[in-house]
Amino acid sequence: MSGDQQKPAAGEKRAHSEMSADNVTNILSVTKQLEEIYVSQRVDDLDRLLSGKVTLHKDSITLGANLQGIENLKKYYQAFFKKYDYKHEVLCLAADGPSSVSFSFVADTAQPKDGVFTNLDDKETAPSRCLSIFMYTFNTDGKITDIKFLRQPSKDEMARKFVTSPDYSSIPKFVGPEFSDPKYWEPSAENTKRLHTAAASFHEIWKNGDASIADKILDKDVKDYNLMFGGEPKVGSEAFKSMITGVFKVWKPDQVKCSIAVTSDSNKAFIYWASHGEQTDTHQENHFYGLNLLVFNEKCMVTEILGFRQPLASERPQFLKADAKAAAK
């Protein structure tokens, strides 16, 4: 704060805090109502929750272009519900009042209905439990104006779109009281503040490539799960630091932004980040985003990192059939 600015009085601070708390309550209420629509599949109910100009941003894997306008979103969701038998499960939520955003970590179990994908076999159309993280941005009227998401592909999407299917066998289900309501965690304003500070520090690692920050916020046995590309988790803070050092040898960001929200009653923090820069070993420009969920222990150290990100331009031909085909021409 500069010298010519007056510090807010105690009453002004309290009023701001109360307004922020009210905003969190309202945002979480709307988010929960939206999650219920995914369960009920009554897409016309979206009218009372979404802005008419809402944008669903592409994840560049399961959705190739942004969808704009509430009617286009309703058509998109309706088409999905017609194709799949579908179960929706919310694993945790969070909201941030000052930035008017909310996050949800969910598990969707989906199976194509009979006759939808006749060229796929039974294994490729088996039920799929897919984890996702969504971020919702709200306007001043309390309606959702912006949706970003990243999710695991279903088995049929793997068969149709992926060169090699991701292996999710080492990724836990993240259910049960140990995940949703750990006994060791004591909700408090102080703990919420500590989580937000730690999440901001985690973002700084990815913003600047400073691996030394990890020593202050990561448990020595932290597990880092790649929810998008699967595989075995990276285990230990030293492995995480080594990975960061390797990434920033070839990644030079010039723009980075983020949003953070902390669960008010549990031990988790969500992070949305967007980065622009150059992959120096391939000389390719990238503009991509990711969504993370951090899980903390009783000492407010990160024990689990659950991460999604969009693939880099250099990775797309390795993972996605359409890009591999284009690269082969």
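Up top you'll find the structure we're talking about.
Structural notes, computed from the coordinates.

Here is what the cut-offs are and how they apply
- Residues numbered from 1 in each chain as written.
- Predicted model: local features only at pLDDT ≥ 70, side-chain atom pairs only at ≥ 80, totals over all residues.
- Heavy atoms only, no water.
- Helix = DSSP H or I, 4+ residues; strand = E, 2+ residues; numbered from the N terminus.
- Rg over C-alpha atoms; globule rule 2.2 N^0.38 Å.
- Buried < 20%, exposed > 50% of the residue type's maximum accessible area, 1.4 Å probe, protein only.
- Contact = heavy atoms within 4.5 Å.
- Areas by Shrake-Rupley, 256 points an atom, 1.4 Å probe, with all protein chains shown as cover.
- Lys, Arg positive; Asp, Glu negative; His and termini not counted.
- Charge placed at Lys NZ, Arg CZ, Asp CG, Glu CD.
- Pairing = 2+ DSSP bridges.

Some details on the overall build of the chain
Item 1. In terms of regular secondary structure, the chain is built from 9 helices and 12 strands.
Item 2. Its C-alpha atoms give the chain a radius of gyration of 21 Å, near enough to 20 Å, the size a compact globule of 329 residues would have.
Item 3. For the chain, the spread of C-alpha atoms along the principal axes amounts to about 65 × 50 × 40 Å.
Item 4. Every one of the 329 residues in the chain was classed for burial, and the buried ones make up 48%.
Item 5. Sequence-distant contacts, at least 24 apart, represent 64% of the contacts inside the chain between residues at least 6 apart.
Item 6. When the accessible area of the chain is evaluated, it comes to approximately 16800 Å², of which 49% is carbon and sulfur surface.
Item 7. Here the chain contributes 42 positively and 45 negatively charged side chains, and the mean placements of these two sets differ by 2 Å.

What to know about the pairing of strand E6 (residues 144-151)
Residues in a regular strand point their side chains to alternate faces of the sheet.
Item 1. Across the 8 residues of E6, 7 count as buried, placing the element largely inside the fold.
Item 2. Sheet topology note: the strand E1 (residues 50-56)/E6 ladder contains 3 bridges and is parallel. Note on E6: the bridge partner recorded for Thr 55 is Asp 146.
Item 3. Pairing of strand E5 (residues 128-138) with E6, which is carried by 7 bridges, proceeds in the antiparallel orientation. Across the sheet, residue Phe 138 finds its bridge partner in E6, namely Ile 144.
Item 4. Counted along the chain from E5 to the antiparallel partner E6, the turn is 5 residues long, and its residue Gly 142 has a positive phi close to 85°.

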